[in-house]
Amino acid sequence: MPACKNCSRTFDSPYCGHCGQRDNNGRFTFKEVVGDFVSQVLSLELPLLHTIREMVRRPGGFCRDYIQGKRRPFVPPIPFFILLAGFHVLVRVLSGFDPVANQQRAFPQQNSNSRPTKVAYSIGHFISDNLSNFFFLLVFLLAFFSWLFFRKSRFNYAENTVFAFYAVGVYT
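So, here is what we can say about the structure in this document. (Residues numbered from 1 in each chain as written. Predicted model: local features only at pLDDT ≥ 70, side-chain atom pairs only at ≥ 80, totals over all residues. Heavy atoms only, no water.)

## So, the packing of helix 5 (residues 99-106) against helix 6 (residues 115-129)
Two numbers describe how helix 5 lies on helix 6: the axes approach to 8 Å, and their chain directions differ by 145°. Seen from helix 5, the contacting residues are Pro99, Val100, Gln103 and Gln104; seen from helix 6, they are Tyr121, Gly124, His125 and Ser128. Classifying every residue of the contact of helix 5 with helix 6 by side-chain character gives three nonpolar, five polar and no charged. (Axes fitted to C-alpha atoms, helices over the stretch in contact; angles between N-to-C directions. Helix = DSSP H or I, 4+ residues; strand = E, 2+ residues; numbered from the N terminus. Contact = heavy atoms within 4.5 Å. Nonpolar A, V, L, I, M, F, W, Y, C, P; charged D, E, K, R; others polar.)

Laid out in structure tokens, this is it:
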């Protein structure tokens, strides 16, 4: 009989009778990540604060535990990213915060008529307007470089994507 990776009790069904965690083989697949996302989006029990606390206190240990099977008390990576990115966008829209305009007001002595300054500000506005898209791309870029530089950890690309969704979600 397998032992639960969440509470260490043995069980003989697809779910642990003590904590309710699903039995898994410990390796992530994209099918499992998407399935977890759909089930969590439709669920009302999101332990968001617990996940944020663990990501702030011990991000590496938290992600390692999650990838190795201790998943029950946490929000899965994609809903976590979507919730925090959505919150970030909501706060920016409601507050009217524009980092490029703030930069221009903070440093009025810069020559704003020069071509390089105009190009820099237009690039800044483009990035600011499309920040959510850049965060989403950053997830896969971070996962790739994490997979590339930490190959000795033996985590596959999907498992590195789990880490990246959590890391970029906290960053937002």
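## Comments concerning the packing of aromatic side chains
Counted under the stated rule, the structure contains 16 aromatic pairs. Ring centres of phenylalanine 135 and tyrosine 171 lie 5.8 Å apart, and the angle between their planes is 85°; on these two criteria the pair is classed as edge-to-face. Taken together, the residues span a long stretch of sequence, with phenylalanine 135 in helix 7 (residues 131-149) and tyrosine 171 in helix 8 (residues 157-171) at a distance of 36 residues. Exposure remark for phenylalanine 135: the relative accessible area of 8% places this residue in the buried category. Accessibility expressed as a relative area gives 60% for tyrosine 171, which makes it exposed. (Phe/Tyr/Trp six-rings, centres within 6.5 Å; stacked < 30°, edge-to-face > 60°. Buried < 20%, exposed > 50% of the residue type's maximum accessible area, 1.4 Å probe, protein only.)

## Describing helix 3 (residues 59-67)
Of the positions making up helix 3, those classed as buried are Gly61, Phe62, Cys63, Tyr66 and Ile67. In the segment just after helix 3, glycine 69 is the residue with positive phi, at about 125°.

## So, the nonpolar core
Counting residues in each nonpolar core, the largest one holds 23 residues, and the members touching the most others are Phe28, Phe62, Tyr66, Phe81, Val139, Val162 and Tyr166. In terms of residue count, the dominant contributor to this core is helix 8 (six residues). Those residues in contact with tyrosine 66, other than ones at most four positions away along the chain, are Phe28, Asp36, Arg71, Phe74, Val75, Pro76, Pro77, Val162 and Tyr166. (Core = buried A, V, L, I, M, F, W, Y, C linked by side-chain atoms within 4.5 Å.)

## Quick notes on unusual backbone geometry
Of note, the phi angle at serine 8 is positive, near 70°, even though the residue is not glycine. The residue serine 8 is located in the segment before helix 1 (30-41) in this model. The phi dihedral of arginine 154 falls on the positive side, at around 65°, and the residue is not glycine. With respect to the helices and strands, arginine 154 occurs in the loop between helix 7 and helix 8.

All quantities given are derived from atomic positions and should not be read as evidence of function.
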